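# Structure assessment
Listed below are the residues making up each chain.
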Amino acid sequence: MTRIENGTGDGGDDRAPDSGRAGSRRPEQRKREALARLRRDVDTWVATADRSGTPCMVPLSYWWDGASVWLCTRETNPTGRNLIASGRARLAFGHPRDVVLVVGDARAVHRERLPQAVGDAFAARVGWDPREDHPSYVFFRVTPRVLQAWGTVAELPTRTLMRDGVWLL
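Residue indices begin from 1 for each chain and proceed along its sequence in written order. Per-residue local features of the predicted model are confined to residues with pLDDT of at least 70, and side-chain atom pairs are confined, for both listing and counting, to 80 or more; whole-chain, interface and lining totals are unaffected and use all residues. Here the side-chain values reflect all heavy atoms present in the structure, with hydrogen atoms and water set aside.

- Looking at an unreviewed UniProt entry, one finds the protein named Pyridoxamine 5'-phosphate oxidase family protein, with Streptantibioticus parmotrematis as its source organism.

Below, the structure written as structure tokens:
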């Protein structure tokens, strides 16, 4: 059996927790675990599309404030332009066998209007302060409208935990 290195040098396994389980978790447990992931992780995949529908997907660091995901990227790159134009984002957290997907409304917040506490918390969390970088960096507040979480096929029927910005449980 081949072990998957986790990059820490300890020879640990890099697979998602419980990635081999065949059963399913109750939606309440998946909600708790999804919220824990949002608090714990630092990076997410951000999917957007331009006006013609051309997709763009990039990894970005983020900070979760308990209600919204805060991202930062240049307003001049495709992701920034797409978020400004559409006001929508799709975010993917975790592993394919323990995934959290968020579809949310994205609102640009330029550094002059960014609350100091948000900028400070973002910088502390991700280890980089975009306010001290190039002026084209803009923050985006992504407010979840839909949140889905699942890890197995058995969890697919109840994967939607939030709809229209309201928790279903």
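## A look at the side chain of arginine 37
- Here arginine 37 is to be found in helix α1 (residues 27–40).
- The classification of residues rests on relative accessible area computed with a 1.4 Å probe and restricted to protein chains. Under 20% of the type maximum is buried, over 50% is exposed, and intermediate values are partly exposed. On the basis of relative accessibility, which here comes to 5%, the residue arginine 37 falls in the buried class. Segments assigned H or I by DSSP are reported as helices when at least four residues long, segments assigned E as strands when at least two residues long, and all are numbered from the N terminus.

## Quick look at the pattern of salt bridges
- We define a salt bridge as a contact between a side-chain nitrogen of Lys or Arg and a carboxyl oxygen of Asp or Glu at a distance within 4 Å. Under the definition given, this model contains ten salt bridges.
- One salt bridge in this structure joins glutamate 33 and arginine 25, with 2.3 Å as the shortest N-O distance.
- For arginine 25, the salt bridge identified is with aspartate 98, shortest N-O distance 3.5 Å. Residue arginine 25 is found in the segment before α1, and its partner aspartate 98 is found in strand β5 (residues 98–109); the two are separated by 73 residues along the sequence.

## Notes on the nonpolar core
- By size, the foremost hydrophobic cluster in this structure holds 23 residues, and its most contacted members are Val69, Leu71, Leu91, Phe93, Val100, Val142 and Leu147.
- The set of elements that each furnish at least two residues to this core consists of α1, β2 (55–64), β3 (69–74), β4 (88–95), β5, β6 (137–150) and β7 (160–163).
- Once residues lying within four places of it in the same chain are set aside, the contact partners of leucine 71 are Thr44, Val46, Leu60, Ser61, Tyr62, Leu91, Phe122, Val138, Phe139, Phe140 and Val142.
- To qualify as a nonpolar core, a set must consist of buried Ala, Val, Leu, Ile, Met, Phe, Trp, Tyr and Cys residues joined through side-chain atoms within 4.5 Å. Judged by nonpolar contacts, the second largest core, of ten residues, contains Trp63, Cys72, Val109 and Tyr137. Should any heavy atoms of two residues lie within 4.5 Å, those residues are considered in contact.

## Here we look at the side chain of glutamine 148
- With respect to the helices, strands and loops of the structure, glutamine 148 is situated in strand β6.
- Polar contacts involving the side chain of glutamine 148 include one to the side chain of threonine 160, which spans 3.0 Å.
- Not counting residues up to four positions away in its chain, the partners in contact with glutamine 148 are Arg90, Val99, Val100, Leu101, Arg159, Thr160 and Leu161. Under this definition, polar contacts are N or O atom pairs within 3.5 Å; protein pairs additionally need one hydrogen-donor-capable and one acceptor-capable atom, and for neighbouring residues in sequence, both atoms have to be side-chain atoms.

## What about the confidence of the model for the protein?
- You can read pLDDT as the predictor saying how much it trusts each residue, on a scale of 0 to 100. Mean pLDDT over the protein: 89, with 87% of residues reaching 70 or higher.
- For residues 1–20, every residue scores under 50 in pLDDT, and the model assigns this stretch 18 contacts once sequence neighbours within four places are set aside.

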